[in-house]
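The lines below spell out each chain.
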Amino acid sequence: MNNDNNTILGFDVNLICEYFLSTERQGPGSPEVTLKALSFIDNLTDKSLIADLGCGTGGQTMVLAQHAPGSITGIDFFPGFIDRFNSNAEKLHLQDRVKGIVGSMDDLSFKEESLDLIWSEGAIYNIGFERGVNEWRKYLKTGGYIAVTESVWFTEERLAEIHDFWMSVYTEIDTIPNKVAQIQKAGYVPVATFILPENCWTKHYFAPQAKAEEIFLKKHVGNKTAEELVASNHHEAELYSKYKEYYGYAFFIAKKIK
Ligand code: SAM
């Protein structure tokens, strides 16, 4: 899944972002999982600089900010998400150390070796996992961490329907050992990997979309593309329910040691 020509799965990115604007998160995950990943990271102080790349409206960023010291810069290329991100930070009185900025994860303006932690939930696929872990490494200080979620195969073999679906949306989906090997090759020490539980998809990602869908369809009555986008999201949920033994998301936490 990439966003060349401002489309994802053939849908205009602005339309997708509008659909997700009213949801707390825009990808699978949960506060519990964010905190579990954070528990592996031991280098943070009040002076730490953290980046959350592809932050969306900041569901995970706010959880992070409430449990970790330091300042967080959220980067997302959709301005509507960043506006919502910054108003969420204000509501939680986090605005002094949590800021959202419009930008692209493939054109970051951080100084090299300036960050203590790079966070990215459900977003690195936009530039591809291998490219992301390689390119982002230079922004980390020695001793800094990367914590990202990524889609993974749980099995070596799978049925054609689900294989073909993933090949049409994100060919870089791979098994956990292969992803860990890519992390190691990029110059990190893999610290922890765990699979996101099913409720990260069902309760925290698919279920909240029912409300978003209602608002969205009301606004776009009779709009074929809007209807197709909703149908495509339903299809994704159906496939997950049918094939969840074969794929999911995993959190990868790794450290740059030199
Ligand atoms: N991290 C959030 C979460 O877990 O709820 C959002 C995940 S959502 C699946 C992917 C996010 O990546 C979207 O907010 C999208 O706007 C953002 N995105 C896509 N391409 C991007 C890019 N090149 N640079 C920055 N953000 C990007």
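Please read these numbers as outputs of a predicted model, since none were measured by experiment.

*Asks:* Is there a simple way to explain helix H10 (residues 224-243) in this structure?
*Replies:* The periodicity of an α-helix, 3.6 residues per turn, causes residues three or four places apart in sequence to face the same way. Helix length check: H10, at 20 residues, gives a terminal C-alpha distance of 28 Å against a target of 28 Å (1.5 Å per residue), a fit within 8%. Along H10, the positions that sit buried rather than exposed are Ala226, Leu229, Val230, Asn233, Leu239, Tyr240 and Tyr243. Tucked inside the fold, the buried residues of H10 contact strand S2 (11-12), helix H1 (13-20), helix H6 (160-169), helix H8 (202-206), helix H9 (209-219) and strand S10 (247-255).

*Asks:* Quick question: what am I supposed to make of the packing of aromatic side chains here?
*Replies:* In total, this model carries 22 aromatic pairs according to the counting rule given. When the centroid spacing of 6.2 Å and the interplanar angle of 5° are considered together, the rings of Phe20 and Tyr205 count as stacked. One end of the pair, Phe20, is in helix H1; the other, Tyr205, is in helix H8, with 185 residues separating them in the sequence. Of the aromatic side chains, those joined through ring pairs into one cluster are Tyr19, Phe20, Trp153, Phe165, Trp166, Trp201, Tyr205, Phe206, Phe216, Tyr240, Tyr247 and Tyr249. One Lys or Arg, Lys36, reaches over the ring of Phe194 and ends 4.5 Å from the middle of that ring. Sitting above the plane of the Trp153 ring, Arg158 keeps its charged end 4.1 Å from the centroid.

*Asks:* Looking at this structure, how should I read the pattern of salt bridges?
*Replies:* Note on pairing: side chains with opposite charge can pair once their charged atoms come close. Counted by the stated rule, this structure contains 10 salt bridges. A salt bridge links Arg25 to Glu121; the nearest nitrogen and oxygen atoms lie 3.1 Å apart. On the criterion of sequence distance, the pair formed by Arg25 in the loop between H1 and helix H2 (31-38) and Glu121 in the loop between strand S6 (115-120) and helix H5 (129-136) is long-range, its members being 96 residues apart. For the pair Arg25 and Glu121, a shared accessibility class is recorded, and that class is buried. Here Lys218 and Glu214 are joined by a salt bridge, their closest N and O atoms 4.0 Å apart. Taken together, the positions of Lys218 and Glu214, both in helix H9 and 4 residues apart, correspond to about one turn of that helix.

*Asks:* Quick question: what am I supposed to make of unusual backbone geometry here?
*Replies:* With the exception of glycine, the majority of residues adopt a negative phi angle, and the majority of peptide bonds are in the trans configuration. The phi torsion at His93 lies on the positive side, around 55°, for a residue other than glycine. By secondary structure assignment, the location of His93 is in the loop between helix H4 (79-91) and strand S5 (98-102). Here the phi dihedral of Glu113 falls at roughly 55°; this positive angle occurs in a residue that is not glycine. Along the polypeptide, Glu113 turns up in the loop between S5 and S6.

Reading guide: rules and limits
Residues numbered from 1 in each chain as written. Predicted model: local features only at pLDDT ≥ 70, side-chain atom pairs only at ≥ 80, totals over all residues. Heavy atoms only, no water. Helix = DSSP H or I, 4+ residues; strand = E, 2+ residues; numbered from the N terminus. Expected span 1.5 Å × (residues − 1). Buried < 20%, exposed > 50% of the residue type's maximum accessible area, 1.4 Å probe, protein only. Contact = heavy atoms within 4.5 Å. Phe/Tyr/Trp six-rings, centres within 6.5 Å; stacked < 30°, edge-to-face > 60°. Lys NZ or Arg CZ within 6 Å of the ring centre and 35° of its normal. Salt bridge = Lys/Arg side-chain N within 4 Å of Asp/Glu carboxyl O.

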